[in-house]
Amino acid sequence: MHVTLENAEAAIAKAIQKAREIDTFMCVAVVDSGADLKAFHRMDDAWVGSIDIAIKKAKTAVFFGMPTGEIGKLSQPGAPLFGIEHSNGGLITFPGGLPIVDENGVMIGAIGVSGSSVENDHAVATAGVEALGSSELPAHPWRT
């Protein structure tokens, strides 16, 4: 399986449904496994600044195969990835970006959500991912 326009739009639809349930306005981006933007939606009244953040959250999650919040924990001062947010044209290292993993444990893309608290961003991203699979990758020896 890979991220198609059809399933990217299905993930966005589920994310938007969750955003409406929690009464917030979001930008939602889905990228494929190469970090190329596959689909994007900005809800009416969502912050313009959240456009870039949502896209960068999705790219960050696919670049490193982990939730953006986990990268944030590893990038604090004194942590092993301190300063990583300056790589790759700018990363986002707080919650709201999740890998999309298919039933075979293969990362097929990622979703990024921005527009509210990081807790809400993460909840909306989770809803989007669940439309296509999971955000949990199998263990790899190089993963921290």
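Residues numbered from 1 in each chain as written. Predicted model: local features only at pLDDT ≥ 70, side-chain atom pairs only at ≥ 80, totals over all residues. Heavy atoms only, no water.

Student: In this structure, what is going on with the nonpolar core? I would like to understand it.
Tutor: Soluble globular proteins tend to bury their nonpolar side chains together. Formed by 21 residues in total, the largest nonpolar core has its most connected members in M26, V28, V30, I100, I111 and V113. When contributions to this core are tallied by element, the ones reaching two or more residues are α1 (5–21), β1 (27–32), β3 (97–101), β4 (107–114) and α4 (118–130). With 6 residues, the top contributor of residues to this core is α1. Residues contacting M26, with those up to four places away along its chain left out, are A19, H41, R42, M43, A46, V113, S114, G115, S116, N120, D121 and V124. Counting 11 residues, the second-largest nonpolar core is a separate cluster that includes C27, A29, A46 and V62. (Core = buried A, V, L, I, M, F, W, Y, C linked by side-chain atoms within 4.5 Å. Buried < 20%, exposed > 50% of the residue type's maximum accessible area, 1.4 Å probe, protein only. Helix = DSSP H or I, 4+ residues; strand = E, 2+ residues; numbered from the N terminus. Contact = heavy atoms within 4.5 Å.)

Student: Even after reading the chapter, I still don't get the packing of aromatic side chains, so can you show me in this structure?
Tutor: What the rule picks out here adds up to 1 aromatic pair. Measuring from centroid to centroid gives 6.4 Å for F63 and F64, while their planes differ by 90°, and the two rings are edge-to-face. The exposure class of F63 is partly exposed, given its relative accessible area of 36%. Its relative accessible area of 25% is what places F64 among the partly exposed residues. (Phe/Tyr/Trp six-rings, centres within 6.5 Å; stacked < 30°, edge-to-face > 60°.)

Student: Can you help me understand the sheet that holds strand β2 (residues 37–42) in this one?
Tutor: Hydrogen bonds between backbone groups are what pair the strands of a sheet, and the pairing can be parallel or antiparallel. Strands sit in the order β2-β1-β4-β3 across an open sheet of 4 strands; the sheet is antiparallel. Single-partner strands in this sheet number two, and they are β2 and β3. Each strand axis lies, on average, 15° off the axis of its neighbour in the sheet, ignoring direction. Both β1 and β4 contribute to a ladder of 6 bridges, which runs antiparallel. From the neighbouring strand, V28 faces β4, where its bridge partner is V113. In the packing of helix α2 (residues 49–64) onto the sheet, the strands contacted are β1, β2, β3 and β4, and the crossing angle to β4 comes to about 150°. Running at roughly 145° to β4, α4 makes contact with β3 and β4 of the sheet. (Pairing = 2+ DSSP bridges. Axes fitted to C-alpha atoms, helices over the stretch in contact; angles between N-to-C directions.)

Student: Help me understand α1, please; the structure alone is not making it clear to me.
Tutor: Each α-helix turn comprises 3.6 residues. Residues three or four places apart therefore point the same way. Between its terminal C-alpha atoms α1 stretches 24 Å, which fits the 24 Å expected from 17 residues at 1.5 Å a residue. Listed as buried for α1 are N7, A8, A11, I12, A15, I16 and A19. Along its buried surface, α1 packs onto β1, β2, β4 and α4. (Expected span 1.5 Å × (residues − 1).)

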